[in-house]
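One letter stands for each residue in the lines below.
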Amino acid sequence: MKEKEIQEAINSHLETKLGISVKDASNRDIFIALSCILTEKINVDWKLTQEFYDKNNEKQVYYFSMEFLLGKLMKVHLLNLQMLEPAKKVVKKLGFTLDEVLACEHDAGLGNGGLGRLAACFLDSMASLQIPGHGCGIRYKYGLFEQRLINRNQVELPDYWLKDDYVWEHRKPDESVEVKFGGTINMKEENGRLQFYYENAETVRAVPFDVPITGYNNQTVNTLRLWSAESSIDAAAYSQNELPQYNDYLEYKRSIEQISEFLYPDDSHFEGKKLRLKQQYFLVSAGLQSIIRSFKTNYFKSLSEFSSKVAIQINDTHPSLVVPELMRLLMDEEEMGWEQAWSITTQTVAYTNHTTLSEALETWPVDLFSSLLPRIYMIVEEINERFCQNIWFDHKQFRNEIPELAIISYGQIKMAHLAIVGSHSVNGVAKIHTDILKNKEMKHFYRLYPAKFNNKTNGITHRRWLLQINPELSRLITSAIGNQWKERPKDLIKLIRYAEDPSFQLKAKEVKTYNKQRLARIIKAQTGLIVNDQSIFDVHIKRLHGYKRQLLNIFHIIYLYNTLKENPDLDIIPRTFIFGAKAAPGYYFAKQVIRFILSAADIINNDDTIQNKLKVVFLENYNITLAEKIIPAADVSEQISTASKEASGTGNMKMMMNGALTLGTLDGANIEIKDMVGENNIFTFGLTSDEVLHFYHHGGYNAQDLYQTDERLQSILNQLHDGFFGNDEKDFKDIYYNLLSHNDEFFVLKDFNSYEEMQEFVDQTYRNQQKWMKMSITNIAHSGKFSSDRTIHEYASEIWKVSKSPVFSR
Ligand code: 26V
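Residues numbered from 1 in each chain as written. Predicted model: local features only at pLDDT ≥ 70, side-chain atom pairs only at ≥ 80, totals over all residues. Heavy atoms only, no water.

Under an unreviewed UniProt entry, the name given to the protein is Alpha-1,4 glucan phosphorylase, and the source organism is Alteribacillus bidgolensis. Turning to the protein, the UniProt annotation filed under Catalytic activity (unreviewed entry) states: "[(1->4)-alpha-D-glucosyl](n) + phosphate = [(1->4)-alpha-D-glucosyl](n-1) + alpha-D-glucose 1-phosphate". Turning to the protein, the UniProt record has this under Sequence similarities (unreviewed entry): "Belongs to the glycogen phosphorylase family." (UniProt positions renumbered as here; feature names shortened; annotations may be inferred.)

Now the structure itself:
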């Protein structure tokens, strides 16, 4: 769309729909007008895309995930439809700024962190690569909580993201399906088949809301289908058939709607909550019914061809009930026999593992599971029985391992085992993570089914995380190597020729400074702090978790502070340490760490004797929109997890792509970043994953020894213990005891020395700006590998067996 057209459309929308003229319009009015213009255009392509897929009988991919962390979408659509520049000009002409208009959109925060954002990046890449791939998720009424910092404490507020209407969604009541919970199952033999009848089950109406996912410059529009729970009967019908478990209709209705009410905000500890299991089955059952329905109406094909036309990827074990639910639908509804249904199910489903942390593994108590999902439980029991039998008779060498491999054991259902047994592919999300799965966490399964295991290193969409959030750097890149990198991100490698080019270095430095100045203004507005844009911006943004070691970072900051107090003239490059992190509401230790960082920040930021050499900023409510402002301004990317614990990480990729240098452990995708850029272009430190695992298995680490021998650590720990960081000493004594009495589970003290040395080397390196900029450009040049386009390409060709389906010829 050209400028003139956009301007006319906005004017006409304001006049005819709102009855106002431009001079009376608000940012939100312009936002709504633009969203209507985009929606009209998107809808045309959306319909054509779906018709094309149907007509050509394309194999469809469905990405099942409990989380899709989409952030805002208007800029994505503008960019994809080649309308960003004209829209910017028009909006300006009308007396507005596009950034302020875009800010009217509420973030869709339907995810916790890496896993949910990965799902959103994958949708973007599938559409941009013209792969018929759709998302299947839950339309939570409340997204991830909003974080406020009050008296240094995290306070959680509900994120009612739907309060102003969500402009991209389309409610599709005609495509609703029913999902059943609880009750008892009665079996009857009819026509030689067992039929299953539900007695006293509760029926929930699942209503889909479709969100269009546009591809970049290709007119493809895929679908993210989000399900919302509604009661299937009205008050009058309820009064005819009251349920004993509720006092009245209202109570019944509330209990149904609760299913899609909120996103579980704790991604670090599994909790066997019935409502969470309800959410999972709700997603899976609604999603599968709608897939089967569209399969049958579009192709009139027998379901025996299902797995050649449908691929289902499950994002962690959260949707692993697809295995028994698909079995149920094929057998009970479609009258298939077990063997055929099993073969179709396993050939359709593929499972991605995102963590080896045992506390996050899902295991459901049999009692809870079987009372909520009685028919599904029967099927899981049968799957387990057949699986164990199969090992006993056909894999005799594994007989001793049966108790460890079983899906049900000691009254618990192990969802990872169900997902492995019920799928044809199991993948990890970075090389080292997949190796740990194969050789440690899932080693027996790997020996049993070696061909199922594979690696798919994560990626990020370079369209959002470079093109959209860093237009200045994008323009600079294009001026050097042309436009092609936008569609072929690996072309970024062409930048390598400019790594040592003084004029390109200077321009890249100017872009970085510009982005730092912009972030400095945001910091000033949010916190009142004035930060030096010539200082090193050292960024640590991710969920707060023990293994991500925000504590190691703040320990080093305090060490620098203590050193400066002794010697205020110490020659260090000024640093601005920037944190953004939400703690799970019930994660006490993580909340203490936030308090600790804020307390240390208060002391450091208000101490004039250190001559503004250190500033510590904790930005409230870290989310996608804030990440988009921080990442282009980062000089140093903190990726300092305890080796072996961070499955991949994706923030590391986002910051690398924006020219930050990684300071990281040999963990997750950091290792592959190092492999790409070479060891001279990354700062690595600390224990290796083998060393960490060795300590866990064989002992030999004593945190107390380090306290005794390292004066720097002793000072910091004593400060913690003695109340240096605040009156509420108790809080920080807990951190003290966590490190010293519980032997420092995450090796914070153990890695302190090598972290400090590497931080000093960062400081030294920054003094040589030519060298630094060469490293920075080298990182950008190698970041193409970490585009999710590469990742999706691998999933498509190796797991899903789907190919590109170009809807329109350009
Ligand atoms: C676990 C749970 C447990 C129960 C309730 C809610 C909930 C929500 C999410 C999770 C998932 C934890 C696993 C996870 O987020 N893994 C992260 O996945 C990223 C994408 O693959 C990866 O980059 C990160 O390294 C990994 O920690």
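(A) Here's a closer look at the sheet that holds strand E15 (residues 363-365). What the 3 strands build is an open sheet, ordered E15-E17-E16; its pairing is antiparallel. Pairing within the sheet leaves two strands with one partner each, and these edge strands are E15 and strand E16 (408-409). Here 2 bridges tie E16 to strand E17 (residues 412-414), and the two strands are oriented antiparallel to one another. Counted as the bridge partner of Ser-409 is Gln-412 from E17. (Pairing = 2+ DSSP bridges. Helix = DSSP H or I, 4+ residues; strand = E, 2+ residues; numbered from the N terminus.)

(B) Representation of the site of the ligand within the structure. Lining the immediate surroundings of the ligand are 19 residues, of which Asp-266, His-354, Asn-458, Glu-646 and Gly-649 lie closest. Between the ligand and Tyr-547, the relevant distance is 3.3 Å, taken from an oxygen atom to a side-chain nitrogen or oxygen of the residue. The greatest single-element share of the shell around the ligand, amounting to 3 residues, is contributed by helix H6 (residues 114-128). By residue class, the composition of the shell around the ligand is 5 nonpolar, 9 polar and 5 charged. (Near = heavy atom within 4 Å. Polar contact = N/O pair within 3.5 Å; in protein donor to acceptor, adjacent residues only side chain to side chain. Nonpolar A, V, L, I, M, F, W, Y, C, P; charged D, E, K, R; others polar.)

(C) Summary view of the UniProt feature "modified residue: N6-(pyridoxal phosphate)lysine" (unreviewed entry) in the protein. As annotated in UniProt, the feature "modified residue: N6-(pyridoxal phosphate)lysine" (unreviewed entry) corresponds to Lys-654 in the numbering used here. Along the chain, Lys-654 falls in helix H25 (residues 651-657). With a relative accessible area of 8%, Lys-654 lands in the buried category. For Lys-654, the contacting residues outside a window of four places in its chain are Arg-117, Ile-460, Trp-465 and Ile-631. (Buried < 20%, exposed > 50% of the residue type's maximum accessible area, 1.4 Å probe, protein only. Contact = heavy atoms within 4.5 Å.)

(D) The arrangement of the pairing of strand E11 (residues 202-214) in detail. Within E11, 12 of the 13 residues are buried, which leaves it mostly tucked inside the rest of the structure. The pairing of strand E7 (residues 170-171) with E11 spans 2 bridges and is classified as antiparallel. Across the sheet, the residue bridging to Arg-171 is Phe-209, located in E11. As defined by bridge partners, strand E8 (residues 177-181) adjoins E11 across 5 bridges and the pair is classed as antiparallel. Note on E11: the bridge partner recorded for Lys-180 is Thr-203. Two elements, E11 and strand E12 (residues 221-231), share 11 bridges in a ladder whose sense is antiparallel. The residue bridging Val-204 from the neighbouring strand is Ser-231, located in E12. Counted between consecutive antiparallel strands, the loop separating E11 from E12 contains 6 residues, among which Asn-217 sits at a positive phi close to 55°.

(E) Main features of the packing of aromatic side chains. Tallied over the full model, the rule gives 34 aromatic pairs. Between Tyr-142 and Tyr-160, the aromatic rings sit 5.4 Å apart at their centres with planes inclined by 40°, giving tilted as the arrangement. Pair noted here: Tyr-142 is in the loop between strand E4 (133-138) and strand E5 (143-150) and Tyr-160 is in the loop between strand E6 (153-159) and E7, with a separation of 18 residues, a long-range link. On the basis of relative accessibility, which here comes to 36%, the residue Tyr-160 falls in the partly exposed class. Relative to Phe-752, the ring of Tyr-559 lies with its centre 6.0 Å away and its plane at 85°, an arrangement referred to as edge-to-face. Taken as a pair, Tyr-559 in helix H22 (residues 550-566) and Phe-752 in helix H31 (residues 748-767) lie far apart in primary sequence, 193 residues in all. Each member of the pair Tyr-559 and Phe-752 is classed as buried. By way of ring pairs, the aromatic residues Phe-555, Phe-596, Phe-724, Phe-725 and Phe-732 are connected into one cluster. Taking the ring centre of Tyr-449 as reference, the NZ or CZ of Lys-452 above it sits at 4.0 Å. (Phe/Tyr/Trp six-rings, centres within 6.5 Å; stacked < 30°, edge-to-face > 60°. Lys NZ or Arg CZ within 6 Å of the ring centre and 35° of its normal.)

(F) Expanded view of H22. Its 17 residues place the ends of H22 25 Å apart at the C-alpha level, agreeing with the 24 Å of an ideal helix rising 1.5 Å per residue. Counting buried positions along H22 yields 14 of 17 residues, so the element is predominantly enclosed. (Expected span 1.5 Å × (residues − 1).)

(G) Broad picture of the sheet that holds strand E21 (residues 575-580). A sheet is described by the order of its strands in space; here 6 strands give the open sequence E22-E21-E20-E23-E24-E25, paired in parallel fashion. With partners counted over all chains shown, the strands left at the sheet margins are strand E22 (614-619) and strand E25 (683-684), one partner each. Of the strand pairs in this sheet, strand E23 (residues 636-639) and strand E24 (residues 661-664) are connected by 4 bridges, and their pairing is parallel. Paired with Gln-639 across the strands is Gly-664, a residue of E24. Contacting strand E20 (536-541), E21, E22 and E23, H22 runs over the sheet at an angle of about 155° to E21. Sitting on the sheet, helix H32 (residues 769-782) touches E23, E24 and E25, and the angle it makes with E24 is about 90°. (Axes fitted to C-alpha atoms, helices over the stretch in contact; angles between N-to-C directions.)

(H) Inspection of the packing of helix H1 (residues 3-18) against helix H2 (residues 27-55) at higher detail. Relative to each other, H1 and H2 sit at 110°, their axes nearing to 9 Å. For the element pair H1 / H2, the angle class is roughly perpendicular. In this structure, H1 crosses over H2, and the sense of that crossing is right-handed. Contacts from Ile-6, Ala-9, Ile-10, His-13, Leu-14 and Leu-18 in H1 reach Asp-29, Ile-30, Ile-32, Ala-33, Leu-34, Cys-36 and Ile-37 in H2. Class assignment of the residues belonging to the contact of H1 with H2 gives a composition of 11 nonpolar, 1 polar and 1 charged. (Parallel < 35°, antiparallel > 145°, perpendicular 65-115°, else oblique. Left-handed = near helix turned anticlockwise from the far one by under 90°.)

(I) Here's a closer look at the pattern of salt bridges. Inspection of every chain in the model, using the stated rule, returns 44 salt bridges. In this structure, Glu-8 engages Lys-4 in a salt bridge whose closest nitrogen and oxygen atoms are separated by 3.4 Å. Placement of both Glu-8 and Lys-4 in helix H1 is noted, with a separation of 4 residues, approximately one turn of the helix. Where Arg-139 meets Glu-169, a salt bridge forms, and the shortest distance between an N and an O atom there is 2.7 Å. With Arg-139 in the loop between E4 and E5 and Glu-169 in the loop between E6 and E7, this pair connects stretches of sequence that are 30 residues apart. No difference in accessibility class separates Arg-139 from Glu-169, as the two residues are buried. Here the residues in one salt-bridge network are Lys-172, Glu-175, Asp-210 and Arg-225, joined through shared partners. (Salt bridge = Lys/Arg side-chain N within 4 Å of Asp/Glu carboxyl O.)

(J) Representation of the layout of surface pockets within the structure. When its volume is computed, the second largest pocket comes out at roughly 650 Å³. Considering the residues around the second largest pocket, the lining is formed by 24 residues, among which Gln-50, Glu-175, Thr-223, Arg-225 and Ser-294 are closest to the centre. For the lining of the second largest pocket, the secondary structure elements donating two or more residues are H2, strand E1 (60-64), E4, E12 and helix H9 (274-299). Looking at the lining of the second largest pocket, the element that brings in the most residues is H9, giving 9 residues. (1 Å grid on protein atoms, 1.4 Å probe; cavity = no way out; pocket = protein on both sides within 12 Å on 5 of 7 lines; lining within 4 Å. Points joined across faces, edges and corners; volume = space filled by probe spheres on them.)

(K) Molecular detail of the pairing of E5. Pairing between E5 and E6: 6 bridges, direction antiparallel. Bridging across to E6, Leu-149 finds its partner in Gln-154.

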